[in-house]
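Chain and residue survey
Spelled out from the first residue to the last, the chains are:
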Amino acid sequence: MKKIVSFDRPEIWENYDTENSITRKTAIVKEYIPDGINTIIDIGCGNGIITNILNEEYNITGVDLSPIALSYVKGKKIVSSSDSIPVEDKSFDMVFSSEMLEHLPDEVLSKTVLEFKRVARKYILITVPNHEHLATTYVKCRKCSNVFHPYGHLQSFTLTNLEDLFSGEFELIKSGKYGNKKRYYNPLLLSIKNKMADRWFDVQSSVVCPNCHNDHFPKEKGNLISKACNLTNRLIGTKREYWLFALFKRK
Ligand SMILES: [Zn+2]
């Protein structure tokens, strides 16, 4: 049902960070980078919006699968998949990855974690969406009925499952949740809204259906059931900070 959303499109990378959120996030990233770090590899760096800022202070290399995204990265760069990076073992002081792991299918995620552990000499710094309830953001293509996450998220992380992934050779030394608090949709209410009312996430930005390439996603008009669900959820839906940060150190 869910095919991977393609990121090799210029319109994605040219309209990034409209709300200044990356600037806020980069300030937190800088606080997390330990003293004595010189070389950083930024894996899944996208258009380098963070990489280019860190490049002023660190010897940083950006890695991404998309040549279009990498064309915006000013410093050193490598076109590569995250699960097989053409660099030596322990060749960077720190592996950094910002909002990339949530895009990976299970088997690619497992291999990517092994690559992070192989490449990092001392530290691994991860940021991912905090405990994302993926179904909250599912959209439905009205042309082919495909239901998918508009930003291509396939994984949801809590601190516990991040720790499980990186434990062994590495230990968690710092973590935190930051950013705007986002209200989560109660799963039962969401299921009623999706299945009974046939109302889905109202996507604000440009989306292309990964199945049929339809790019017309008109505003989702509410009906009585969906409005009742939204109203009830406003009363009972819990809120969570958007970003989860975790810094791991080699034991
Ligand atoms: Zn479609």
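Refer to the preceding data block for the structure.
Below: a short report on this structure. The residue numbering used here restarts from 1 in each chain and proceeds along that chain's sequence as written. Thresholds applied to this predicted model are a pLDDT of at least 70 for local features of residues and 80 or more for the giving and counting of side-chain atom pairs; totals over whole chains, interfaces and linings are not thresholded and use all residues. Note that water and hydrogens are dropped before the side-chain values are worked out from all heavy atoms of the structure.

Attention now moves to the pairing of strand 5 (residues 120-129). With a 1.4 Å probe rolled over the protein chains alone, any residue whose accessible area is under 20% of its type maximum counts as buried; one over 50% counts as exposed, and the rest are partly exposed. Numbering goes from the N terminus for both helices and strands, where a helix is a DSSP run of H or I of at least four residues and a strand is a run of E of at least two. Taken across its 10 residues, strand 5 has 8 buried, putting it largely inside the fold. Here the rule is simple: two strands pair whenever DSSP picks up at least two bridges between them. Both strand 4 (residues 92-98) and strand 5 contribute to a ladder of 6 bridges, which runs parallel. Note that in strand 5 the partner of F96 across the bridge is L125. Whether a crossover is right-handed comes down to one check: with the strands pointing away from the viewer, does the path from the first strand over the helix to the second run clockwise; if it does, it is right-handed. Chirality of the crossover, the property in question, places the unit of strand 4, helix 5 (residues 106-119) and strand 5 among those that are right-handed. The sheet contact formed by strand 5 and strand 9 (residues 239-250) spans 7 bridges and is antiparallel. Residue pairing across strands places L125 opposite L247, the latter belonging to strand 9.

Moving on to the coordination of the zinc ion. Ideal geometry at a metal centre: 109.5 degrees between donors when four sit tetrahedrally, and 90 or 180 degrees when six sit octahedrally. All of the protein donors around the zinc ion are C141 (SG), C144 (SG), C209 (SG) and C212 (SG); their distances to the metal are 2.3 to 2.4 Å. Taken together, the 4 donor atoms coordinating the zinc ion and their angles of 104 to 113 degrees define a geometry best described as tetrahedral. For the zinc ion, the single-chain donor residues occur in sequence as C-x2-C-x64-C-x2-C. Of the two residues, C144 sits in the loop between strand 6 (139-140) and strand 7 (147-148) while C212 sits in the loop between helix 7 (187-196) and helix 8 (224-236), which places them 68 residues apart along the sequence. Judged by its relative accessible area of 27%, C144 is partly exposed. For Na, K and Ca the donor cut-off is 3.2 Å; for every other metal, N, O and S atoms count as donors within 2.8 Å. Water does not enter the count, which can leave sites looking incomplete. Four donors are marked tetrahedral only if all angles between them lie between 85 and 135 degrees, whereas four are marked square planar and six octahedral if opposite donors are more than 155 degrees apart and the other angles lie between 65 and 115; the remainder are marked irregular.

The end-to-end C-alpha distance of helix 5 is 20 Å, a good match for the 20 Å that 14 residues give at a rise of 1.5 Å each. Every buried residue of helix 5 is accounted for by V108, L109, T112, V113, E115, F116, K117 and V119. Here, expected helix span is obtained from the residue count minus one, scaled by 1.5 Å.

Tracing the chain through its elements places T51 in helix 3 (residues 51-54). The residues touching T51, leaving out its near neighbours within four places in the chain, are D42, C45, I60 and G62. Note on contacts: a residue pair qualifies if any of its non-hydrogen atoms lie within 4.5 Å across the two residues.

We define a salt bridge as a contact between a side-chain nitrogen of Lys or Arg and a carboxyl oxygen of Asp or Glu at a distance within 4 Å. Enumeration over the complete set of coordinates arrives at 10 salt bridges. E99 is the salt-bridge partner of K25, the closest N and O atoms lying 2.5 Å from each other. In this pair, K25 sits in helix 2 (residues 21-32) while E99 sits in the loop between strand 4 and helix 5, placing the two residues 74 residues apart along the sequence. Note that D198 and K140 form a salt bridge whose closest N and O atoms lie 3.1 Å from each other. One end of the pair, D198, is in the loop between helix 7 and helix 8; the other, K140, is in strand 6, with 58 residues separating them in the sequence. In the salt-bridge network here, residues are joined through shared partners; they are K140, R142, D198 and E220.

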